[in-house]
Amino acid sequence: MRRALRPLRALLRAGSAGRPPCLPALSAFCAAPAAQSSAGSRLSIRPSFGFLFDIDGVLVRGKTPIPAAKTAFQKLVNSQGQFLVPVVFVTNAGNCLPQNKADQLSHLLGVPISQDQVMMSHSPLRMFKRYHQKCVLVSGQGPLLDIAQDLGFCQPITIETLREKHPLLDVVDHDRRPNDLYPSAVEIPKIEAVVLFGEPVRWETNLQLIIDVLLTSGYPGNPYQHENYPHIPVLACNMDLMWVAEAQSPRFGHGTFMVCLENIYKKITGKDLKYEALMGKPSKLTYQYAEYLIRAQAAERQWKQPIQTLYAVGDNLMTDVYGANLYNRYLQESSRKGSKPRLQAQLAGGRGSATLSQDDETGSSWENELASAAAAHCRSVLVCTGVYNPHTDVPSDTRESITETVFHGHRDFRFDPGLVEPDHIVPDVDAAVDLVFQLENFAPN
């Protein structure tokens, strides 16, 4: 399929003026393999596959549903509202609880969705039990304390709490400088880790106080100590440089905030900021956790057929497609070795980022569940309703591809042109569902 992408791109560029790319000709192109594979094959009524749906740019733009989404999901449920195949919503958003996102999706899509079908960028933090009893600084927006406590953290503190305790630290905005410059009576223990949930509202405040925490080994009221390196652990969720809402152009994502933090830290210290773990797409850990949720759904419905293929439907080459292809590569390598390698929370190949000891970081039951992944393939399906611009080509020469204008992925992920080549390109999520049903010869009751 990937060899066919070059003529496919030519087809996209040749689209007539005023007609959106990825329309009938493209649908026929993508559906061709399904038509060939269905010849002489028996239709299946029990799924041996599952869907991993991105949300922003695939199902919604901001709070507005993409029209094709409702049509697609009517095909995925029966008359009682039960899903006919395992479905997990894999989002890099992290500003709410899974139940809130499930309720929102249920309302927008018109089908009942449970919190067990929703995977936020921060969901894998449930496994990082080593940090659950420690005092951790959390950055982002939304109900941060509720989110952190739901994940198992017992002593989370917010940037705002830290600011109240140390009023002299946040002075960029003159209008917000406090009149009372004395610390509050609330004592804060040593901060032992920083958890980045998502982009904050006041970037200058968060950047300043996180740098303070890193350069003082968890005591932000103290003078900087540059010799303390590496710094205390940083766990980051959601590496999206940009995301799509109602605006005509993509908006800054948490990845942009991380670029700022990394560069400020290096400018001050001359050293790279290190991440203890990176999660959210395209991290392999995210897809391992998503597969765990897919298999749990199949088991609950007592579908006996093992899940062989995951179809990851997204709109972003650098996160959705890269992540699905990276996970597919992992599955292929695991199959060749004959056993699953030990779970790693950090993508191999980062620039000096720490790799976790899983005996310390995750419970053995979680590791066993995730390491026993049963899928054989993870296929990437790219839709044209979000970040992806079909008129932008991906250079094959990596020397031309390392600038931020081309490679929007995180700095700790190596750029590989093959990983941003989708298995299939379709107009929208409805076409994606049709294509997968054809590829799988699936005929639900």
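Above this text is the structure in question.
Quick look at the structure, then. (Residues numbered from 1 in each chain as written. Predicted model: local features only at pLDDT ≥ 70, side-chain atom pairs only at ≥ 80, totals over all residues. Heavy atoms only, no water.)

### Topic: the sheet that holds strand β6 (residues 135-139)
- Taking strand neighbours across the sheet as the criterion, the five strands line up as β7-β6-β8-β9-β12 in an open arrangement whose pairing is parallel. Here the strands that pair on one side only, and so sit at the sheet edges, are β7 (155-158) and β12 (277-279). Sheet twist, expressed as the average angle between the axes of neighbouring strands with direction ignored, equals 20°.
- In the packing of helix α8 (residues 254-269) onto the sheet, the strands contacted are β6, β8 (193-196), β9 (234-237) and β12, and the crossing angle to β8 comes to about 145°. (Pairing = 2+ DSSP bridges. Helix = DSSP H or I, 4+ residues; strand = E, 2+ residues; numbered from the N terminus. Axes fitted to C-alpha atoms, helices over the stretch in contact; angles between N-to-C directions. Contact = heavy atoms within 4.5 Å.)

### A look at the packing of aromatic side chains
- Tallying each qualifying case throughout the model produces 17 aromatic pairs.
- Seen from their ring centres, Phe-49 and Phe-51 are 5.9 Å apart, and the 80° between their planes marks the pair as edge-to-face.
- Overall, Phe-51 belongs to the buried group, its relative accessible area being 0%.
- A centroid spacing of 6.4 Å and a plane angle of 70° characterise the contact between Phe-49 and Phe-437, whose relative ring orientation is edge-to-face. Taken together, the residues Phe-49 in strand β1 (residues 49-53) and Phe-437 in helix α13 (residues 429-439) connect sequence positions 388 residues apart. Phe-437 carries the same exposure label as Phe-49, and that label is buried. (Phe/Tyr/Trp six-rings, centres within 6.5 Å; stacked < 30°, edge-to-face > 60°. Buried < 20%, exposed > 50% of the residue type's maximum accessible area, 1.4 Å probe, protein only.)

### Considerations on the nonpolar core
- Counting residues in hydrophobic clusters, the biggest one holds 42 residues, and the most contacted among them are Leu-137, Ile-191, Val-194, Leu-196, Ile-210, Leu-214 and Tyr-275.
- Broken down by secondary-structure element, the contributors of at least two residues to this core are β6, α6 (159-165), β8, α7 (203-215), β9, α8 and α10 (317-337).
- For this core, the element with the highest residue contribution is α7, accounting for seven residues.
- Each residue touching Leu-214, except ones within four places of it in the same chain, is listed here: Val-194, His-231, Ile-232, Val-234, Tyr-265 and Leu-273.
- Ala-69, Leu-105, Leu-108 and Val-429 belong to the second-largest nonpolar core, a separate cluster that totals 41 residues. (Core = buried A, V, L, I, M, F, W, Y, C linked by side-chain atoms within 4.5 Å.)

### Regarding helix α5 (residues 144-151)
- Residues of α5 that are buried include every one of Leu-144, Ile-147, Ala-148 and Leu-151, and no others. Here the buried residues of α5 occupy an arc of 95° about the axis, which is enough to place them on one side.
- Against the buried residues of α5 lie β6 and β7.
- Positive backbone phi, at 115°, marks Gly-152, one or two positions downstream of α5. (Arc of directions from axis to C-beta.)

### Things to note about helix α3 (residues 67-74)
- Where α3 is concerned, the buried positions are Ala-68, Ala-69, Ala-72 and Phe-73. Along the axis of α3, the buried positions cluster into a sector of 130°, meaning they face one direction only.
- Elements that come into contact with the buried residues of α3 comprise β1, β4 (87-90), α4 (98-109) and α13.

### What about the pairing of β7?
- Where β6 meets β7, four bridges bridge the pair, whose relative direction is parallel. Across the sheet, Leu-137 pairs through a bridge with Ile-157, a residue of β7.
- For the crossover that starts at β6, traverses α5 and ends in the parallel β7, the hand is right-handed. (Right-handed = clockwise from strand over helix to strand, strands pointing away.)

### Focus on the sheet that holds β1
- On the basis of which strands lie adjacent, the open sheet formed by six strands has the order β5-β4-β1-β13-β14-β15 and parallel pairing. Of all strands in the sheet, those bounded by a partner on one side alone are β5 (118-119) and β15 (424-426).
- Relative to strand β13 (residues 309-314), β1 runs parallel, the two being bridged by five bridges. Residue pairing in the sheet places Phe-53 in a bridge with Val-313 of β13.
- Seen against the sheet, helix α9 (residues 284-300) touches β1, β4, β5, β13 and β14 (377-383) and runs at an angle of roughly 155° to β4.

### A closer look at unusual backbone geometry
- A cis amide bond links Tyr-229 with the next residue in sequence, Pro-230, at an omega value of 5°.
- Along the chain, Pro-230 turns up in the loop between α7 and β9.
- For the bond from Lys-281 to Pro-282, the omega torsion is 10°, close enough to zero to count as cis.
- Here Pro-282 shows up in the loop between β12 and α9.
- With a phi angle near 70°, Asn-238 is a residue other than glycine that sits in the positive phi range.
- Among the structural elements, Asn-238 can be located in the loop between β9 and β10 (242-243).
- With relative accessibility at 7%, the residue Asn-238 sits in the buried group.

### So, the packing of α7 against α8
- Close contact between α7 and α8 brings their axes to 10 Å; oriented N to C, the two are set at 45°. In terms of their interaxial angle, α7 and α8 are classed as oblique. Handedness of the crossing formed by α7 with α8: right-handed. Counted together, Trp-203, Asn-206, Leu-207, Ile-210, Ile-211, Leu-214 and Leu-215 of α7 and Thr-256, Phe-257, Cys-260, Leu-261, Ile-264, Tyr-265, Ile-268 and Thr-269 of α8 form the full contact between these two elements.
- The class makeup of the residues in the contact of α7 with α8 is twelve nonpolar, three polar and no charged. (Parallel < 35°, antiparallel > 145°, perpendicular 65-115°, else oblique. Left-handed = near helix turned anticlockwise from the far one by under 90°. Nonpolar A, V, L, I, M, F, W, Y, C, P; charged D, E, K, R; others polar.)

### Details of the pattern of salt bridges
- In total, this model carries 16 salt bridges according to the counting rule given.
- Between Asp-170 and Arg-176 there is a salt bridge, with the nearest N and O atoms lying 3.3 Å from each other.
- The partner of Asp-320 in a salt bridge is Lys-281, and the shortest N-O contact between them spans 2.7 Å. Placement of the pair is Asp-320 in helix α10 and Lys-281 in the loop between β12 and α9, with a sequence separation of 39 residues. For the pair formed by Asp-320 and Lys-281, the shared burial category is buried.
- Through salt bridges with shared partners, one network takes in Glu-160, Arg-163, Asp-170 and Arg-176. (Salt bridge = Lys/Arg side-chain N within 4 Å of Asp/Glu carboxyl O.)

### Focus on a nonpolar patch on the surface
- On the surface, a nonpolar cluster with roughly 230 Å² of combined accessible area is contributed by Tyr-224, Ile-264 and Ile-268.
- Along the chain, the position of Ile-264 falls in helix α8.
- Exposure remark for Ile-264: the relative accessible area of 32% places this residue in the partly exposed category. (Patch = residues over 30% accessible without salt bridge, like charges linked within 9 Å, V, L, I, M, F, W, Y side chains within 5 Å. Areas by Shrake-Rupley, 256 points an atom, 1.4 Å probe, with all protein chains shown as cover.)

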